[in-house]
Amino acid sequence: MSVSADPLILVLLGPGGTGKGTVAQRLIEVDNALWLSRSWTTRAPREGEPADAYVFVNHEDFQAHIERDGFLEWAEFLGNLYGTPVPEAPSGHDVLLEIELEGALQVLAKRPDAVVVLLTPPSEAAQVARLRGRGDSEEHLAMRVAKGREELDRGRAIAHHEVVNHEVEQAVGEVLGILNARRQARLRLASQPEE
Ligand code: 5GP
């Protein structure tokens, strides 16, 4: 059996306010063979948000990128568009995507071997506190919480693993365990003799 040379794709899924972004950043700090894709969005930058958090674009530019097949996946989320450019990870790197549910479904349709990890908050109160700390308006916050409940339910139906983010290092450790187990499985498969 031959094994694809495509990089492994790890999708980090989870409702807003779960700490996905922090966990994703930490994952690439501690795993040198993991590459974090930078998404495009039509959302305006939040106050204090780093300029490189996304490629911030207008609708026209986003649409043009859809038309030239530039996205692996894209979705609308609470009125804004978000998309993962077709990944160009450096050789030998696996790909980390921090995206929402509709995008994860598209990735799975194209790459059924992708690993989906659902990151969940320890409680809804912790999630709301995190969203509030980020400066979301109260109206937006209520929408995010409602959307978050839906994302948890639907996320559980498609995720291969669920990790509770009690604390960043614990969550990162668990995700790395999942990733490394998958890498080992791929190596074992690659070393099997061809039939
Ligand atoms: P935020 O506005 O809080 O940065 O992101 C809103 C949601 O969009 C989050 O769930 C985030 O993970 C998701 N997201 C970020 N980038 C992408 C992307 O490229 N594609 C999809 N489908 N979702 C994304």
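Scroll up to find the structure this text is about.
Just so you know, these numbers come straight off a predicted model, no measurement behind them. (Residues numbered from 1 in each chain as written. Predicted model: local features only at pLDDT ≥ 70, side-chain atom pairs only at ≥ 80, totals over all residues. Heavy atoms only, no water.)

### Notes on helix H1 (residues 20-30)
And then number 1: All of the buried residues in H1 are Lys20, Val23, Ala24 and Leu27. The buried side chains of H1 occupy one side of the element, clustering within an arc of 100° when seen end-on.
And then number 2: If you follow the buried residues of H1, they end up packed against strand E1 (9-13), strand E2 (34-36), strand E7 (94-98), strand E8 (115-120) and helix H6 (168-190). (Buried < 20%, exposed > 50% of the residue type's maximum accessible area, 1.4 Å probe, protein only. Helix = DSSP H or I, 4+ residues; strand = E, 2+ residues; numbered from the N terminus. Arc of directions from axis to C-beta. Contact = heavy atoms within 4.5 Å.)

### Remarks on the sheet that holds E1
And then number 1: An order of E2-E7-E1-E8-E9 is seen for the five strands of this open sheet, with the pairing classed as parallel. The open sheet has two edge strands with one neighbour each: E2 and strand E9 (161-164). Taking each pair of neighbouring strands and ignoring which way they run, the sheet shows an average axis angle of 25°.
And then number 2: In terms of strand pairing, E1 meets E8 through four bridges, oriented parallel. Counted as the bridge partner of Leu13 is Leu118 from E8.
And then number 3: Set on the sheet, helix H3 (residues 101-110) makes contact with E1, E7 and E8; between it and E1 the angle comes to about 160°. (Pairing = 2+ DSSP bridges. Axes fitted to C-alpha atoms, helices over the stretch in contact; angles between N-to-C directions.)

### Quick look at the site of the ligand
And then number 1: The local shell around the ligand holds 17 residues, among which Ser39, Arg43, Tyr54, Glu73 and Tyr82 are the closest.
And then number 2: Here an oxygen atom of the ligand sits 2.7 Å away from a polar atom, N or O, in the side chain of Arg43.
And then number 3: Here the ligand loses 96% of its free accessible area of 510 Å² to cover by the protein chains.
And then number 4: Looking at the shell around the ligand, the elements that each hand over two or more residues are strand E5 (71-77) and strand E6 (80-85).
And then number 5: Looking at the shell around the ligand residue by residue, the classes come out as five nonpolar, four polar and eight charged. (Near = heavy atom within 4 Å. Polar contact = N/O pair within 3.5 Å; in protein donor to acceptor, adjacent residues only side chain to side chain. Areas by Shrake-Rupley, 256 points an atom, 1.4 Å probe, with all protein chains shown as cover. Nonpolar A, V, L, I, M, F, W, Y, C, P; charged D, E, K, R; others polar.)

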